[in-house]
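# Observations on chain architecture
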Amino acid sequence: MMNQFNSRGALWLNTLAPNATLMPGLCPSVQVADGELNGESVRFIAVVPDAANHYPRAVHGEVGLLEGWTLAKVVNETLDADADRAVKRPIVAVIDVPSQAYGRREEAFGIHQALAGAAGAYAKARLAGHPVIGLIVGKAMSGAFLAHGYQANRLIAFNDNGVLVHAMGKESAARITLRTVDALEKLAAAIPPMAYDISNYATLGLLSALLDISDPDAPTAGDLAQVIDSLNAAIRDARQDPSLKSRLGADNRRSSALVRERMRASW
């Protein structure tokens, strides 16, 4: 089966909420669907490509001005709608974002504020008691990931070559470090934080689950069941412990944990 959608984000949004009507009135590059997991309502949010995007730098699924402000709007509206509910709805960020949108207009019109608005909204939702889960199905790059998903209580990723996490693309990282791409890849093999593949990212302790999916572009019923089980487990875990301290449990985060411990002792 071929992926009939224009991105993994769109595919998995539809797979997880197949009978939901997309929320109207949003920019086409942000899709929101209210589905159900384990008998409760869940809001799924994805950023997807839009060939007719008003901003050419954001046509391939990048997170730009429209996307940042729309994410902030949707998440803040979720907060407002659940303000009086004792049990807050889970929010699942379906993540397949190649980059933030780089352009002169984006810089002039304040992309930093748009992306900060999105990140801030997700953080507010997490602190207000909404279990926020990031499901990384494709790329999670640069400021796009910071704006859409990184503020989650728990992060889940597919163990797949198409899943990449990093602060910047390889070509950009090579330029800024004055290396070739080949040299950068060799260095990344020895330094996990510089690597792009999800297996190295997992060693940093930032994932609550790494899932082996048979084909992320054509998921089977078994794949879907595995993802749903993992999402339900992450939601339960986030409600029991909404903090982010689980991100410091890996061996490659020992120094970070030690710094925090010493700072707490000093203060």
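Use the structure listed above.
A brief structural summary. (Residues numbered from 1 in each chain as written. Predicted model: local features only at pLDDT ≥ 70, side-chain atom pairs only at ≥ 80, totals over all residues. Heavy atoms only, no water.)

### Description of the nonpolar core
The following threshold applies: Among buried residues, the Ala, Val, Leu, Ile, Met, Phe, Trp, Tyr and Cys ones that are joined through side-chain atoms within 4.5 Å form a nonpolar core. For every residue, the accessible area obtained with a 1.4 Å probe (protein chains only) is divided by the maximum for its type, and the residue is called buried under 20%, exposed over 50%, and partly exposed between those limits. In this description a helix means any DSSP run of H or I spanning at least four residues, a strand means any run of E spanning at least two, and both kinds are numbered starting from the N terminus. Every residue pair with non-hydrogen atoms within 4.5 Å of one another is taken to be in contact.
Core analysis: the biggest nonpolar cluster contains 70 residues, and Trp 12, Phe 44, Ile 45, Ile 136, Phe 158, Tyr 201 and Val 227 have the highest contact counts within it. By residue number, the principal contributor to this core is helix H4 (residues 111–127), which donates seven residues. For Ile 136, the contacting residues outside a window of four places in its chain are Ile 95, Phe 145, Ile 156, Ala 157, Phe 158, Val 163, Val 165 and Leu 207.

### Things to note about unusual backbone geometry
Phi is positive for Asn 38, close to 55°, though the residue is something other than glycine. Looking at where Asn 38 falls in the secondary structure, it is placed in the loop between strand E1 (30–37) and strand E2 (40–47).

### Thoughts on the pattern of salt bridges
In a structure, side chains of opposite charge can pair up when their charged atoms sit close to one another. Note the following rule: Any Lys or Arg side-chain nitrogen found within 4 Å of a carboxyl oxygen on Asp or Glu counts as a salt bridge.
Per the counting criterion, the structure on display carries eight salt bridges. Put simply, Asp 34 and Arg 43 hold a salt bridge, and the shortest N to O gap is 2.8 Å. You can call Asp 34 partly exposed: its relative accessible area is 36%. Judged by relative accessible area, Arg 43 falls into the buried class, the value being 8%. Ionic pairing is found between Asp 82 and Arg 89, a salt bridge with its closest N-O pair at 3.0 Å. In this structure, a network of salt bridges that share partners links the residues Arg 8, Asp 160 and Asp 217.

### Notes on the pairing of strand E5 (residues 154–158)
What counts here: Pairing between strands is defined by DSSP: at least two bridges between them are needed. Viewed with both strands pointing away, a crossover whose connecting path from the first strand over the helix to the second turns clockwise is right-handed.
Across the five residues of E5, five count as buried, placing the element largely inside the fold. Where burial is concerned, the two faces of E5 agree: the one with Arg 154, Ile 156 and Phe 158 and the one with Leu 155 and Ala 157 are both buried. Where strand E4 (residues 132–141) lies against E5, four bridges are found, and the strand directions are parallel. Note on E5: the bridge partner recorded for Leu 135 is Ile 156. Traced from E4 through helix H5 (residues 142–147) to E5, the parallel crossover comes out right-handed. In this structure, E5 lies alongside strand E7 (residues 209–211), joined through three bridges in parallel fashion.

Functional significance is not addressed by these values, which are geometric in nature.
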